[in-house]
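Listed here are the chains, written in short residue letters.
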Amino acid sequence: FERFKQGLKKSRGALFGRLGHLFSSNRLDDSVYEEMEEAFLAADMGMETSLQVVERVRRLARENKIQQPSELPPLMAQALTEALEKVDPTPSVAADGPTLVLVVGVNGAGKTTSIGKLAHYYKSQGKKVLLAAGDTFRAAATEQLVAWGERVGCDVVRHVAGADPAAVVYDAIQAAKSRKVDFILCDTAGRLQNKDHLMKELAKIYKVASRELPGSPHEVLLVLDGTTGQNAISQAKVFREVVQVSGIVLTKLDGTAKGGVVLPIVQELGIPVKWVGLGESKEDLQPFSARAFAESLCE
Ligand code: GDP
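This one's a predicted model, so the numbers in the text were calculated from it and none came from an experiment.

## Brief notes about unusual backbone geometry
Of note, the amide linkage connecting S216 to P217 takes the cis form, showing an omega dihedral of 0°. Relative to the elements of secondary structure, P217 occurs in the loop between helix 9 (195-212) and strand 5 (219-225). Positioned with a positive phi, D44 is a non-glycine residue whose angle comes to about 65°. Inspection of the secondary structure assignment puts D44 in the loop between helix 3 (30-42) and helix 4 (47-63). Assessed through its relative accessible area of 12%, D44 is described here as buried.

## Section: the environment of A139
The residue A139 is located in helix 7 (residues 139-152) in this model. A139 sits in the partly exposed class, given a relative accessible area of 43%. When the C-alpha atoms of A139 and P287 are compared, they prove to be 30 Å apart, with 148 residues separating the residues in sequence.

## Thoughts on the UniProt feature "domain: Signal recognition particle SRP54 helical bundle" (unreviewed entry) in the protein chain
Per the UniProt record, "domain: Signal recognition particle SRP54 helical bundle" (unreviewed entry) is found at residues 4-84. For the annotated span residues 4-84, helix accounts for 77% and strand for 0% of the residues, and the straight-line distance between the end C-alpha atoms is 15 Å.

## Section: the site of the ligand
Inspection of the region around the ligand gives 18 residues, with G108, K111, T112, T113 and E280 positioned closest. Separating an oxygen atom of the ligand from a side-chain N or O atom of K117 is a distance of 3.2 Å. Between the ligand and D254, the relevant distance is 2.7 Å, taken from a nitrogen atom to a side-chain nitrogen or oxygen of the residue. Considered on its own, the ligand offers 580 Å² of accessible surface; in the complex 79% of this is hidden by protein. When residues in the shell around the ligand are grouped by element, the largest group, four residues, is from helix 6 (residues 111-124). Among the residues making up the shell around the ligand, the classes are represented as three nonpolar, nine polar and six charged.

## Considerations on the confidence of the model for the protein chain
Summary statistics for the protein chain give a mean pLDDT of 94 and a share of 100% for residues scoring 70 or more. Model confidence for the complex: the whole-complex pTM is 0.95, and ipTM, which rates the interface, is 0.98.

## Some points on the packing of helix 2 (residues 9-23) against helix 3
In a packed pair of helices, the relevant descriptors are the angle between the two axes and the axis-to-axis distance. Running from N to C, helix 2 and helix 3 cross one another at 170°; their axes reach a closest spacing of 9 Å. Relative to helix 3, the element helix 2 lies roughly antiparallel. Note on element contacts: helix 3 touches helix 2 through V32, E35, M36, E38, A39, F40 and A42, opposite L15, R18, L19, H21 and L22. Split by residue class, the contact of helix 2 with helix 3 holds eight nonpolar, one polar and three charged.

## Some details on the nonpolar core
Membership of the largest hydrophobic core comes to 103 residues, with the highest contact counts inside it found for L250 and F293. No other element matches helix 5 (residues 72-84), which puts eight residues into this core. Sequence-distant contacts of L250, defined by excluding residues within four places in its chain, comprise L224, G226, V261, V262, I265, V273, W275, V276 and G277.

## Focus: the pattern of salt bridges
Side chains that differ in sign of charge can pair as their charged atoms come close. Across all of its chains, the model carries 17 salt bridges by this definition. For R138, the salt bridge identified is with D135, shortest N-O distance 3.2 Å. Judged by its relative accessible area of 28%, R138 falls in the partly exposed class. Via salt bridges that share partners, D30, E55 and R58 belong to a single interconnected network.

## With respect to the side chain of S11
Structurally, S11 can be placed in helix 2. Judged by its relative accessible area of 2%, S11 falls in the buried class. What S11 contacts, discounting residues up to four positions off in sequence, is T256, A257, K258, G259 and L297.

## Observations regarding the state of the cysteines
In the structure shown here, the tally under the stated rule is zero disulfides. No disulfide involves C186; its sulfur sits 13 Å from the nearest other cysteine sulfur, which is in C154. Exposure remark for C186: the relative accessible area of 1% places this residue in the buried category.

Cut-offs and rules
- Here, residues in each chain are numbered from 1, in the same order as that chain's written sequence.
- Where totals are concerned, whole chains, interfaces and linings use all residues; where local detail is concerned, this predicted model gives features only for residues with pLDDT of at least 70, and gives and counts side-chain atom pairs only at 80 or more.
- Hydrogens and water molecules were not included; the side-chain quantities draw on all heavy atoms of the structure.
- By the criteria applied, helices consist of DSSP H or I runs no shorter than four residues and strands consist of E runs no shorter than two, each listed in order from the N terminus.
- Partly exposed residues are those whose accessible area sits between 20% and 50% of the maximum for their type, while under 20% is buried and over 50% is exposed, using a 1.4 Å probe and protein chains only.
- UniProt positions are given in the numbering used here, feature names are shortened, and annotations may be inferred rather than shown by experiment.
- Whether a residue is near a molecule or strand depends on its heavy atoms: if one lies within 4 Å, it is near.
- Here a polar contact is taken to be a pair of N or O atoms separated by no more than 3.5 Å, where protein atoms must pair a possible hydrogen donor with a possible acceptor and residues adjacent in sequence count only if both atoms sit in side chains.
- Surface accessibility follows the Shrake-Rupley procedure with a 1.4 Å probe radius. Residue values consider only the protein chains on display as shielding.
- Each residue is assigned to one of three groups, with Ala, Val, Leu, Ile, Met, Phe, Trp, Tyr, Cys and Pro labelled nonpolar, Asp, Glu, Lys and Arg labelled charged, and all others, Gly among them, labelled polar.
- The predictor attaches a confidence to each residue, and that confidence, scored 0 to 100, is pLDDT.
- Only the contacting stretch of a helix is used when fitting its axis, a line to C-alpha atoms as for every element, and angles between N-to-C directions run 0 to 180 degrees.
- Note on terminology: angles under 35 degrees are roughly parallel, angles over 145 are roughly antiparallel, angles of 65 to 115 are roughly perpendicular, and the others are oblique.
- Two residues qualify as a contact provided that any one of their heavy atoms is within 4.5 Å of a heavy atom in the partner residue.
- We call a set of buried Ala, Val, Leu, Ile, Met, Phe, Trp, Tyr and Cys residues a nonpolar core when their side-chain atoms join them within 4.5 Å.
- Put simply, a salt bridge is a Lys or Arg side-chain nitrogen that is within 4 Å of an Asp or Glu carboxyl oxygen.
- Pairs of cysteine sulfur atoms within 2.5 Å are what we label disulfides.

In structure tokens form, the structure reads like this:
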């Protein structure tokens, strides 16, 4: 909870900056709900979602016979929690053997950093983690992943620049089996500008993965930069055409007042946000919690 609170400070500040004066007034009328909708929109919650959530708050206020605007924040938190609980944010894991997690997303979204943080998270839970440098297109991406491997203390499977990413995945799976690894976290190239190529590359990775490790990939995480607000939504739509995304990692929420974008991702796209990036250190990736998120934003 504390990390969520800290990480969402800007979003919370923006919301309360707009709504604070309402909460201290003593008239609960339509104008309060209108301003609430504006504030939600400004937080990038999207038109449809903002409307829905405000309507839910209005109904809760009626049911609970609320008279004062100051009593609204817990109801806002409740309405947001309900909206976010429509999808399950629990990370998927293999029933037995290694869990293969493919991480996709455009360059700069925070892919490598999130893989490093995720490795740290699982390691701190006593799991054995292996990183796979599947972005063979950019030499810098591999170097960065190797640096994270050193930082958090786990091995990295890498090939030379330009190598076949599917071959990296093949090697990583063999290594994971023989070393009794719990999680393989696999980086991929983020060249969305070359959609056909990316699709072919991912299809090949899928083929190798499902052959060498039946049931895998167990998770396909799409990394989105939270500071891009509504643009993150359009990006998710494009990626969904290329690959079957099972969850979102929403990064850099600490750097934006637009944290509300979690809502339309969940509501409009129906994809669970499974992890949120709340800072730059290795501890700053948290499993998503609807309640922690909603309460940090509203209370
Ligand atoms: P990639 O190109 O997608 O692999 O992106 P990187 O992992 O290199 O991240 C790009 C930049 O975003 C780096 O400077 C990271 O430190 C920064 N970054 C990633 N996640 C977060 C986050 O949750 N919060 C903040 N403040 N910065 C982040």
